[in-house]
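Take a look at the letters that make up each chain.
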Amino acid sequence: MVDVGAKTATHRIAVASGRISMRPATFRLVVAGRAKKGDVLGIARIAAIQAAKRTPELIPLAHPIALTRVAVTFQPLRKASSIALTARVECRGPTGVEMEALTAAAVGLLTVYDMLKAVDRGMTLSDLRLEEKHGGKSGTFRR
């Protein structure tokens, strides 16, 4: 694990996103809130938040970080029959939260898949990526 003990604690922010594409009928189930397993996006939001908090347990050598904020939003994309997820993670610390944001986005999308797989096994996860990061020595990154 990289030694971050001498680094200055700063306000760190990372935003990651991804998308899950599905059949139009599956998309309509999600938007109407009629999936058999329940509130797909609500449960996926909780899963994404939990994933951000547990990133050091999942990613070898990731630092445990005291997160100060995790926000997860969804955007239904009707024409593409897909759901876009954005995860924003913040902390005050000596290392960034990029992995926490990416982990949140990935697990949130996987949860959508899990909740809908009985009706659509052909869903596709795509475009998982870091959108931006702020804070620290390397400064700001924006895609």
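The structure we're discussing is the one just above.
The structure presented is a predicted model; accordingly, all values stated were derived computationally and were not measured.

> Before we move on, could you go through helix 1 (residues 24-32) and cite the residues and values that matter?
All of the buried residues in helix 1 are Thr26, Phe27 and Val30. Viewed along the axis of helix 1, the buried residues span an arc of 100°, placing them on a single side of the element. Structurally, helix 1 contributes buried residues whose contacts are with helix 2 (40-53), strand 2 (67-77), strand 3 (82-93) and helix 4 (98-116). Residue glycine 33 follows helix 1 closely and has a positive phi angle near 70°.

> Explain the environment of arginine 88 residue by residue, including any values.
Note on placement: arginine 88 falls in strand 3. The sequence separation of arginine 88 and lysine 133 amounts to 45 residues, and the corresponding C-alpha distance is 9.5 Å. Not counting chain neighbours up to four residues away, the residues in contact with arginine 88 comprise Ile13, Ala14, Val15, Arg69, Val70 and Ala71. A polar contact is formed between the side chain of arginine 88 and the side chain of glutamate 90, at a distance of 2.9 Å.

> Lay out the sheet that holds strand 3 with the relevant residues and their values.
What the five strands build is an open sheet, ordered 2-3-1-4-5; its pairing is antiparallel. On the outer flanks of this sheet lie strand 2 and strand 5 (141-142), each paired with one strand and no other. As paired strands, strand 4 (residues 124-134) and strand 5 are joined by two bridges and run antiparallel to one another. Within strand 5, the residue paired with glutamate 132 across the bridge is arginine 142. Relative to the sheet, helix 2 contacts strand 2 and strand 3, its axis offset from that of strand 2 by approximately 145°. Taken strand by strand, helix 4 contacts strand 1 (10-21), strand 2, strand 3 and strand 4, and its axis lies near 25° from that of strand 1.

> For the pattern of salt bridges, give the residues involved together with the corresponding values.
Scanning the model with the defined rule gives seven salt bridges in all. Note that aspartate 114 is salt-bridged to lysine 37, the shortest N-O span being 3.6 Å. One end of the pair, aspartate 114, is in helix 4; the other, lysine 37, is in the loop between helix 1 and helix 2, and 77 residues separate them in sequence. Between arginine 69 and glutamate 90 there is a salt bridge; the shortest N-O distance is 3.1 Å. Residue arginine 69 is located in strand 2, and its partner glutamate 90 is located in strand 3; the two are separated by 21 residues in the primary sequence.

Reading the values: rules and limits
Residues numbered from 1 in each chain as written. Predicted model: local features only at pLDDT ≥ 70, side-chain atom pairs only at ≥ 80, totals over all residues. Heavy atoms only, no water. Buried < 20%, exposed > 50% of the residue type's maximum accessible area, 1.4 Å probe, protein only. Helix = DSSP H or I, 4+ residues; strand = E, 2+ residues; numbered from the N terminus. Arc of directions from axis to C-beta. Contact = heavy atoms within 4.5 Å. Polar contact = N/O pair within 3.5 Å; in protein donor to acceptor, adjacent residues only side chain to side chain. Pairing = 2+ DSSP bridges. Axes fitted to C-alpha atoms, helices over the stretch in contact; angles between N-to-C directions. Salt bridge = Lys/Arg side-chain N within 4 Å of Asp/Glu carboxyl O.

Everything listed is a geometric property; what it means functionally is a separate question.
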